[in-house]
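One letter stands for each residue in the lines below.
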Amino acid sequence: MNRLMMKLTIGSEAIFFLCLIVSYLYFWRSGNFQKEVAAHLHIKTTGLFTILLLCSSFTFWKAEQNHQRENFTRVKAWLIATILLGVIFLAGQGHEYYNLIKENVLINKNEFGSNFYALTGFHGLHVLIGLVVLIIVLLLTLNGFLRNKSSSVLSTVGIYWHFVDVVWIFVFTTIYVLPYIL
Amino acid sequence: MKAILLDSIERDLPVAHRDRTLLRWLSTVDHKEIGKLYLMAALLFFVVGGVEALLMRTQLAVANNHLLGPDAYNQIFTMHGVTMIFFVLMPALLGLTVYIVPLMIGANEMAFPRLNAFSFWISFSGGLLLYFSFAAGGAPNAGWFNYAPLNQENYSSSPGINYYAMGLLLGGIGSVTTAINIIVTILKMRVKGMSLKRLPLFVWMALVNGFLIIAAMPSLNAALSMLLLDRLMEAHFFNTTAGGSALLWQHLFWLFGHPEVYILILPAFGIYSEVFQVFSQKKIYGYVFVAASTVAIGLLSFGVWAHHMFAAGLGNTVNSFFGASSMLIGIPTGIKIFNWIGTMYGGRIRLTTSMLFAIAFLIEFTIGGLSGIEFSIVPLDWQLTDSYFVVAHLHYVLLGGSLFGLFSALFYWFPKITGRMLNETLGKWFFWLFTVGFNLTFLLQHFLGLMGMPRRVYTYQDIPYYTILNLLSTAGAYLMGIAVIILIYNIFKTIKAAPMENKDPWNAFTLEWYAGSPPNEKNFIDVPVVTSRRPFWDLKNPENRDYD
């Protein structure tokens, strides 16, 4: 029941992000995005943070696996690793925003600014929500809850967390990789 | 027939504060009480939206009228549309779904009771926030579809559109969470034996509707988020003076907006499917066709949005495609009309108020469907767009379709919800006044539209026939107003009357009538194993059971 609920939720969220990505591509030509990306974004730095975010999917998967094996010490360890990776990703995004603002790329500067901040901002917001939920799950685990193998909490949260990663792959491809291909 | 004990909900549900009235309504998570909250909130907004409609019709009663100025008129027609669509029809239909669906599938609760309460309160807050705009310096004034660039700060400088965006965002989030809740409830909590092929049709419609909401609302939410960024942080999405696109708003809005009209009509189709069966005392004619054509409507509804944009200049190829797809979507709806007529054919028809609304719907909705098909012919659309012909068309489908469905449901399920029968004499007065008033108001607007009267303009010149047609149209609106007063009087009178003895006054077929009227706090103690599409009929007629 929980898992079905989460699948429906991410289905809805996926369409939300699809609309934002379509909007980004809609302004691609008229807003000279190719030039803007080349001038302001650094694919290598962000690529590194992308890899770290993808690693967090792996660490969460390990947490789920250990939950199934009822090895709760390891569940905690992998959860902490997941949260740290998520925090590092957000810190990376914050650093990127900081540099962009220094270079005067703002949400009200041009179409690129508007679309870039809307798309990455909403993704960042989803990472943040995921982190809040993960911290709650971690606290519950630390206090001895969720000790039942059949509990669906971890796998439900997992659907969401993996979804956030998958969305980032699409966002990263659209914003950072596409200018190099086209 | 063997009765089995329910074991779907054994965990303790959170209990509301029963000893305190206000706190109890604020904190309840019971699907029946939340359903009632939805319906009462919808009634409140219905009265408000209705008063706005009467204000508009009063302004338009005679030529060159200056009762409302253009500024006030723009705010009133915008608020009327937004209120009726997002805070009357949607909550009323969703509230009815939340109330009836668990009872129909033999469940004791929704899948997520707390989420259910969250959905209601966040949607209701959205409505309150929208109306707060009047106090905050002016209501939204760019129409319910709020086109760019009119929705931008430099053209609409009052804060109304910010409230439009925030109110609808809250309402949108509430609708999505309700839809998820409904789908999970239907897919996971059905009583033993109720396969998808035996779902009551109301539940089928609710299921398809849930998927429509989940898929359609995000597009609106994305558009509203961008609009808020535009207005509050000076982003460039829809600001055409700074590289933004007016067309993007139209695409995103109608990608939501067209499925939205099916979101408003599908639950009503479900209501009619139940009402026609019960008041003809016959099984639905062509169950599979009704269910399958609904799925077809659900899928097709995402491929027709640009027929709202024929005048935007998308080019002949795009226009032809969307014209054709719009004609196509008329087919599954037409199929259903025949299903309902077939259900009545040869049945023992009882002309209760509920049934009268259902029969009237067949006629009104067909008129609305026919004027809709006319719009799918592109050159005709160019001629008629933004005229009163559109106003007539959309009111024929939204009132003649969704609102008549709600009225039909109100008279059908009122005994279920309150344990008291609404007065049928008053009901029939209500029906005839409302239906005559409705046709008087909107049938004439077809002619006004054909004569070229533009919508959304606060007054008109004294051109031949304009004044008399508008005056009659206004008279019709007042008839509807009187009818609604009779309805509200009927409701208040009935609530104070003594409860009825019989829990099944209509001799109905589905499981919600197997529970008490009104149902106990725990809906069912035991539920029959379902072996056909009419489980309660089987229980009452063991010698004459269905086998399907």
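For clarity, every value in this text was computed on a predicted model and none was experimentally measured.

Caption draft 1: A look at the overall build of chain B. Tallying secondary structure elements over chain B gives 15 helices and 2 strands in all. Considered along the principal axes of its C-alpha atoms, chain B spans approximately 70 × 50 × 50 Å. Residues classed as buried in chain B amount to 54% of the 548 residues present. Excluding contacts between residues fewer than 6 apart, the proportion of contacts in chain B whose partners are at least 24 apart in sequence is 81%.

Caption draft 2: Here's a closer look at the overall build of chain A. The helix and strand tally for chain A stands at 6 helices and 0 strands. In sequence order, chain A lays out its α and β elements as α-α-α-α-α-α. Projected onto its principal axes, the C-alpha positions of chain A cover 55 × 30 × 25 Å. Burial statistics for chain A: of 182 residues in total, 34% are counted as buried.

Caption draft 3: Here's a closer look at the nonpolar core. All names here are of chain B. With 210 residues, the main nonpolar core has Y38 and V203 as its most contacted residues. No other element matches helix α3 (residues 70-104), which puts 22 residues into this core. Apart from the residues lying within four places of it in its own chain, the contact partners of V203 are V101, M104, I105 and I186.

Caption draft 4: Local environment of the interface of chain A and chain B. Residue-level contacts link 21 residues of chain A with 25 residues of chain B. Residue assignment for the side of chain A that touches chain B shows that the elements contributing at least two residues are α1 (2-26) and α5 (111-142) of chain A. Ranked by residue count, the leading element in the side of chain A that touches chain B is α1 of chain A, at 12 residues. For the side of chain A that touches chain B, the residue count by class is 11 nonpolar, 9 polar and 1 charged.

Caption draft 5: Focus on the packing of helix α3 (residues 43-68) of chain A against helix α4 (residues 72-102) of chain A. Residues and elements named next belong to chain A. Interaxial distance between α3 and α4 falls to 8 Å at its minimum, and their mutual angle equals 160 degrees. By the criterion of interaxial angle, the relationship of α3 to α4 is roughly antiparallel. Note on packing geometry: the crossing formed by α3 with α4 is left-handed. Of α4, the residues touching α3 (which contributes T46, F49, L52, L53, C55, S56, T59, F60, K62, A63, N66 and H67) are R74, V75, W78, L79, A81, T82, L85, G86, I88, F89, G92 and E96. Tallied by class, the residues present in the contact of α3 with α4 amount to 13 nonpolar, 8 polar and 3 charged.

Caption draft 6: Broad picture of the packing of α5 of chain A against helix α6 (residues 153-181) of chain A. All names here are of chain A. The contact between α5 and α6 brings their axes to 10 Å, and the two run at 160 degrees. In terms of axis orientation, α5 runs roughly antiparallel to α6. In the crossing of α5 with α6, the sense of the turn from one axis to the other is left-handed. Listed contacts from α6 to F116, L119, T120, H123, H126, V127, G130, V133, L134 and V137 of α5 are V153, L154, V157, Y160, W161, V164, V167, W168, V171 and I175.

Caption draft 7: View of helix α6 (residues 201-233) of chain B. All names here are of chain B. Compared with the 48 Å implied by 1.5 Å per residue over 33 residues, the 47 Å span of α6 between its first and last C-alpha is a close match. The sharpest bend along α6 comes to roughly 25 degrees, located at A216, with the proline P218 sitting one to four residues further on. With 29 of 33 residues buried, α6 lies mostly within the body of the structure. Looking one or two residues beyond α6, the residue adopting positive phi is E234, at roughly 55 degrees.

Caption draft 8: How the structure looks around helix α4 (residues 113-132) of chain B. Residues and elements named next belong to chain B. With 20 residues, α4 extends 29 Å from end C-alpha to end C-alpha; this agrees with the ideal 28 Å at 1.5 Å per step. Within α4, the full set of buried residues consists of N116, A117, S119, F120, S123, F124, G126, G127 and L130. Looking at the buried side of α4, the elements it contacts are α2 (31-59), α3 and α5 (160-188).

Caption draft 9: Here's a closer look at the confidence of the model for chain B. Residue and element names in this part refer to chain B. Counting all residues, the mean pLDDT for chain B is 93, and 97% of those residues have values of 70 or more. When the criterion is pLDDT under 50, residues 5-11 qualifies, and its contacts beyond four places in sequence or with other chains add up to 10 contacts. Here the complex is predicted with pTM 0.95, and the ipTM for its interfaces comes to 0.95.

Caption draft 10: Structural detail: the environment of Q75 of chain B. Residue and element names in this part refer to chain B. Note on placement: Q75 falls in helix α3. The sequence separation of Q75 and P140 amounts to 65 residues, and the corresponding C-alpha distance is 5.7 Å. Setting aside residues up to four positions removed in sequence, Q75 forms contacts with G138, A139, N141 and G160.

Caption draft 11: Structural context of the environment of V29 of chain B. Positionally, V29 of chain B belongs in the loop between α1 (21-27) and α2. Along the sequence, V29 of chain B and V530 of chain B sit 501 residues apart, while their C-alpha atoms lie 27 Å from each other.

Caption draft 12: Examining unusual backbone geometry more closely. All names here are of chain B. Backbone torsion omega between A148 and P149 reads 0 degrees, so that peptide bond is classified as cis. With respect to the helices and strands, P149 occurs in the loop between α4 and α5. Omega for the peptide link from S517 to P518 comes to -5 degrees, which places this bond in the cis form. Looking at where P518 falls in the secondary structure, it is placed in the loop between α14 (466-496) and β2 (526-528). Phi at N146 takes a positive value of approximately 50 degrees, unusual for a residue other than glycine. Looking at the element boundaries, N146 is found in the loop between α4 and α5. Unlike most non-glycine residues, N507 shows phi in positive territory, near 55 degrees. Turning to its location among the elements, N507 is positioned in the loop between α14 and β2.

Caption draft 13: Just the environment of S225 of chain B, in detail. Within the secondary structure, S225 of chain B is located in helix α6. By C-beta crowding, S225 of chain B is classed as buried, having 20 other C-beta atoms within 10 Å.

Calculation rules
- Residues numbered from 1 in each chain as written.
- Chains lettered and ligands numbered in written order.
- Predicted model: local features only at pLDDT ≥ 70, side-chain atom pairs only at ≥ 80, totals over all residues.
- Helix = DSSP H or I, 4+ residues; strand = E, 2+ residues; numbered from the N terminus.
- Buried ≥ 20, exposed ≤ 12 C-beta atoms within 10 Å, placed from the backbone.
- Contact = placed C-beta atoms within 7 Å.
- Core = buried A, V, L, I, M, F, W, Y, C linked by C-beta atoms within 7 Å.
- Nonpolar A, V, L, I, M, F, W, Y, C, P; charged D, E, K, R; others polar.
- Axes fitted to C-alpha atoms, helices over the stretch in contact; angles between N-to-C directions.
- Parallel < 35°, antiparallel > 145°, perpendicular 65-115°, else oblique.
- Left-handed = near helix turned anticlockwise from the far one by under 90°.
- Expected span 1.5 Å × (residues − 1).
- Bend = angle between axes of the 7 residues up to and from the residue.
- pLDDT = per-residue confidence, 0-100.

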